[in-house]
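# Results of the structural survey
Listed below are the residues making up each chain.
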Amino acid sequence: FEIFNLEMKIGDTLKVKGKISEDADSFSINLGCKSSDLAFHFSPRFNESVIICNSKCSTVWQEEHCENHLPFSRGSTVKIIIEMLDDKFKVKLPDGHEMEFPNRHSYNKISYMSVKGGFRVVSFKL
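Computed from a predicted model, the values in this text were never measured in an experiment.

### Re the UniProt feature "domain: Galectin" (unreviewed entry) in the chain
According to UniProt, the "domain: Galectin" (unreviewed entry) feature falls on residues 1-126. Along residues 1-126 the backbone is 0% helical and 60% strand, and the end-to-end C-alpha distance reaches 16 Å.

### Points about the side chain of Asn-30
Relative to the elements of secondary structure, Asn-30 occurs in strand E4 (residues 27-34). One polar contact links Asn-30 to Ser-28, side chain to side chain, over a distance of 3.2 Å. At a separation of 2.6 Å, a polar atom in the side chain of Asn-30 contacts the side chain of His-41. Not counting residues within four places of it along the chain, the set of residues in contact with Asn-30 comprises Leu-38, Phe-40, His-41, Tyr-112, Met-113, Ser-114 and Lys-116.

### Observations concerning the pattern of salt bridges
Any two side chains of opposite charge can pair, given that their charged atoms come close. Under the defined criterion, the tally for this structure stands at three salt bridges. Note that Lys-34 is salt-bridged to Asp-37, the shortest N-O span being 3.7 Å. For Asp-37, a relative accessible area of 10% corresponds to the buried category.

What counts, and at which threshold
- Residues numbered from 1 in each chain as written.
- Predicted model: local features only at pLDDT ≥ 70, side-chain atom pairs only at ≥ 80, totals over all residues.
- Heavy atoms only, no water.
- UniProt positions renumbered as here; feature names shortened; annotations may be inferred.
- Helix = DSSP H or I, 4+ residues; strand = E, 2+ residues; numbered from the N terminus.
- Polar contact = N/O pair within 3.5 Å; in protein donor to acceptor, adjacent residues only side chain to side chain.
- Contact = heavy atoms within 4.5 Å.
- Salt bridge = Lys/Arg side-chain N within 4 Å of Asp/Glu carboxyl O.
- Buried < 20%, exposed > 50% of the residue type's maximum accessible area, 1.4 Å probe, protein only.

Pasting the structure below:
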């Protein structure tokens, strides 16, 4: 699932609803200007019971941020809410837990979004 003309800007909230596959090892939601330049990579990983967040600059991954809170289960339908702020991304997880990740590239607009892995998008709203 890829979108190349997203038009997400500071202050916007993205709501992604989808179904996690029964056999998912992980999935990711990626926001940036293209697949090689990501401001925000959000990746729940079931085999490690963590959520990894990162950014990518010119195809090079940067320092990972690891969140030891995984409120996702295989086979479930979930809603993930991502808010883009001036200096960070704020994520509201399905259980109400919130986490933050810095806007390392200081992007003020996101045009690219992709969803990869064991997650089927049912709906999304910006």
